[in-house]
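Take a look at the letters that make up each chain.
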Amino acid sequence: MFKNTFLAEMLAQSARKGYFHKNLSSICHILETSKPGDVIRVKGWVKSLRDQKENVFVDVSDGSTDRKLQILVPKKSKPGGLATGASIVASGPVTLSPKGQIELSARDISVCGECVVSDGYPFAPRKQYTPEYVRQYLHLRPRTAKFGALLRVRNAATLAVYDHFNREGFINVHTPILTSNDCEGAGEVFKVLPESRSVLRAMLKEGQSDDEVYFDRKSFLTVSGQLHLEAAAHGLSRVYTFGPTFRAENSRSRLHLSEFYMLEAEVAFVDELRAVMECVEKLVKSVTQAVLDKSMEDVERCREKKESSASFSWLDKTFPVMTYREAVGILNDHRDKFREDFSSSKGLGKEHELFLVQHCGGVPTFVIDWPQEMKPFYARANGDGTVAALDLLGPNVGEVAGGSLRENDHARLGEKLPKNNSHLEWYLELRKFGSVPTGGFGLGFERYLQLILGTSNIKDVIPFPRWPHNCTL
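Keep in mind that what you see is a predicted model, and the values were worked out from it rather than measured. (Residues numbered from 1 in each chain as written. Predicted model: local features only at pLDDT ≥ 70, side-chain atom pairs only at ≥ 80, totals over all residues. Heavy atoms only, no water.)

Enquirer: Give a detailed account of the packing of helix α4 (residues 145-167) against helix α12 (residues 445-453), specifying residues and quantitative values.
Expert: Relative placement of two packed helices is described by the angle separating their axes and the distance separating the axes. The contact between α4 and α12 brings their axes to 11 Å, and the two run at 115°. The two elements α4 and α12 cross, and the hand of that crossing is right-handed. Residue-level inspection shows L150, V153, R154, A157 and T158 of α4 in contact with α12, the latter providing F445, E446, Y448, L449 and L453. Grouping the amino acids of the contact of α4 with α12 by side-chain chemistry returns 7 nonpolar, 1 polar and 2 charged. (Axes fitted to C-alpha atoms, helices over the stretch in contact; angles between N-to-C directions. Helix = DSSP H or I, 4+ residues; strand = E, 2+ residues; numbered from the N terminus. Left-handed = near helix turned anticlockwise from the far one by under 90°. Contact = heavy atoms within 4.5 Å. Nonpolar A, V, L, I, M, F, W, Y, C, P; charged D, E, K, R; others polar.)

Enquirer: Help me get a handle on the pairing of strand β2 (residues 55-61), residues and values and all.
Expert: Every other side chain in a regular strand lies on the same face of the sheet, so the side chains alternate between the two faces. Summarising burial for β2: 6 of the 7 residues are buried, a large majority. With 6 bridges connecting them, strand β1 (residues 39-51) and β2 associate as antiparallel partners. Counterpart to W45 in the pairing with β2 is S61. Here β1 hands over to β2 after 3 residues, the two strands then running antiparallel side by side. (Buried < 20%, exposed > 50% of the residue type's maximum accessible area, 1.4 Å probe, protein only. Pairing = 2+ DSSP bridges.)

Enquirer: I'd like a description of the sheet that holds strand β15 (residues 398-405), backed by residues and values.
Expert: Taken together, the 8 strands give an open sheet; going across it, the order is β7-β10-β11-β16-β15-β14-β13-β12, and neighbouring strands pair in mixed fashion. Of all strands in the sheet, those with a lone pairing partner are β7 (171-172) and β12 (321-323), marking the two edges. Pairing geometry for strand β11 (residues 259-268) and strand β16 (residues 438-444), over 7 bridges, is antiparallel. Directly across from L263, in β16, lies its bridge partner L443. Each of β7, β10 (238-246), β11 and β16 touches α4; the most contacted strand, β10, lies at about 150° to it.

Enquirer: I'd like to hear about the pairing of strand β3 (residues 69-74), residue by residue, with values.
Expert: Counting buried residues along β3, 5 of its 6 residues qualify, which places the element largely inside the surrounding structure. Across 6 bridges, the pairing between β2 and β3 is antiparallel. Directly across from F57, in β3, lies its bridge partner L72. Here β3 runs beside strand β5 (residues 102-105); their pairing, made up of 3 bridges, is parallel. When the bridges of β5 are listed, Q70 appears paired with E103.

Note that all results are geometric; they support no functional claim without further evidence.
The structure is reproduced here in structure tokens:
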């Protein structure tokens, strides 16, 4: 009885303080469901306003949709501080504009937070800005129409990922961000240690370096959750993880970040690379279709290159497959089309990846059976100098995903383990007790968004990008 009374009082207090309102609804919901005569209350930001003789027309957004709600405010009721960028609360009946569009006839309107443009607000109404300019204001970037649309697309794609894997019978596993291994052995890791010198001094043991004090071994921000997923797959069969990963690469290209999101999946009892490719292809098509069904308006707002994949016709096509040897043959036949000489021993550059996709009609393309020296130690050998590994190449970005069958033979894996990583005994032991063949892949979430949106710079598909010399906010 006490709990119910206490809860009722808390809800009543919240209502009195305006934390929620029975008639408060998102602008998206209002535009889709409201009828003339409905009394509503909205909260949002002023995107533009137009003064007329007797009324002020205010376009308001709350971020729930790319569309704006027009609010009609009588001149005599116009509050001080009502300007572009200001946050407001307004209530009143729904009416129809002369053009038959839903609008709010404000009986009450107040300014929550003023926005004085002359004080340095960087975005003027109805003006277009370059991505480079907008990127200077990461804390204000979500206010812009285009980046707001991007965040909604990103949200729709995230939900679609979870829905897809749930339908496919996968179990979500939260793999660690702190790890003692460099999964791919490339050395592109961020080291982790306490900032506090007093903590280091208190925990220091004889013979230890500062790098080893806290965990008794060196620790890093993860570059991949794959090895941990393999451990989970050996008990759960079908698993995936979706979270941030980190690479300490000295690259400021349009396709690289120091922190980005990876979608990784692992499947047990898989003995053919085709099964992994089917898993990747089904994921890409399923998530893309879900995003288009839910957020086509936002996709159109975001897309930079209207002609690239504009029809998404590849959704109805089987992704082409070629071996690395076949890819080398195609590239050798077209050497005159590349800015730099192509060398099969150095792998595929970005222009080579994009050319192969174009060669296959602009459809995302698998390249499989790579030379063993080009892929990580865990890729299963084919016995002919190649490994059962894949890259998925896509329009605009090149490599979107990579995967392989995993080496499940205890002796062969023991020979291939990196000599400089003494903390992978547990990984080898997976092949000792109830081992099964496994395969999996990792898909770069930001690269995927670049693929479907035609976005040229990866920094424009993530809320707060980090790259060398830039970690603001």
